[in-house]
Amino acid sequence: MKLENFIREILRVIDKKDARDIVVLDVAEVSNLTSYFIIATANSEPHMEALRDAVLELLEKNNLPVIYYDKGRGYDWMVIDGGHFIVHLFSEKGRDFYSLEDLWLNAKRYTVEELL
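All values reported here derive from a predicted model rather than from experimental measurement. (Residues numbered from 1 in each chain as written. Predicted model: local features only at pLDDT ≥ 70, side-chain atom pairs only at ≥ 80, totals over all residues. Heavy atoms only, no water.)

Novice: What exactly am I supposed to notice about the sheet that holds strand β4 (residues 77-81) here?
Specialist: Sheet strands pair via backbone hydrogen bonds, and the direction of the pair is either parallel or antiparallel. Strand order in the open sheet made by the six strands is β3-β4-β5-β2-β1-β6, with mixed pairing throughout. Since the sheet does not close on itself, it has two edges, and those belong to β3 (68-69) and β6 (108-111), each with one partner. By the bridge criterion, six bridges tie strand β2 (residues 36-41) to strand β5 (residues 85-90) in an arrangement that is parallel. Across the sheet, residue T41 finds its bridge partner in β5, namely F90. Against the sheet, helix α2 (residues 45-61) contacts β2, β3, β4 and β5, and its axis sits at roughly 0° relative to β4. (Pairing = 2+ DSSP bridges. Helix = DSSP H or I, 4+ residues; strand = E, 2+ residues; numbered from the N terminus. Contact = heavy atoms within 4.5 Å. Axes fitted to C-alpha atoms, helices over the stretch in contact; angles between N-to-C directions.)

So, in structure tokens, the structure goes:
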């Protein structure tokens, strides 16, 4: 599966689970960390955990590696690092505080509506 198609699959999964304010940043040209950031807001701690678990399940089902993911509880920001993409799941407070999109203003930005 092409990377861009897989990004769409992640978007479908988290959108179906009611993640809010989903944004994809194409950071390939402005960062050597990864190619894509997928950023979403959860409405509660259990919701954030459900979003994380859904993404991990999708990765496992497709035999894709997970370099790192936050396993704990009580975070305002959870990360799932898939190498060529990093999923960032925030609480509303965490997203406002860290303002990740503002750090990557030069990245191409896409909404769920544009990609799905």
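Novice: Even after reading the chapter, I still don't get the packing of aromatic side chains, so can you show me in this structure?
Specialist: Two measures describe an aromatic ring pair: the distance that separates the ring centres and the angle between the ring planes. For the coordinates displayed, the defined rule picks out six aromatic pairs. With 4.7 Å between their ring centres and 50° between their planes, W77 and Y98 make a pair best called tilted. With W77 in strand β4 and Y98 in helix α3 (residues 92-98), the pair connects residues that are 21 residues apart, well separated along the chain. Accessibility expressed as a relative area gives 36% for Y98, which makes it partly exposed. Put simply, the rings of W77, F90, F97 and Y98 pair up and form one aromatic cluster. (Phe/Tyr/Trp six-rings, centres within 6.5 Å; stacked < 30°, edge-to-face > 60°. Buried < 20%, exposed > 50% of the residue type's maximum accessible area, 1.4 Å probe, protein only.)

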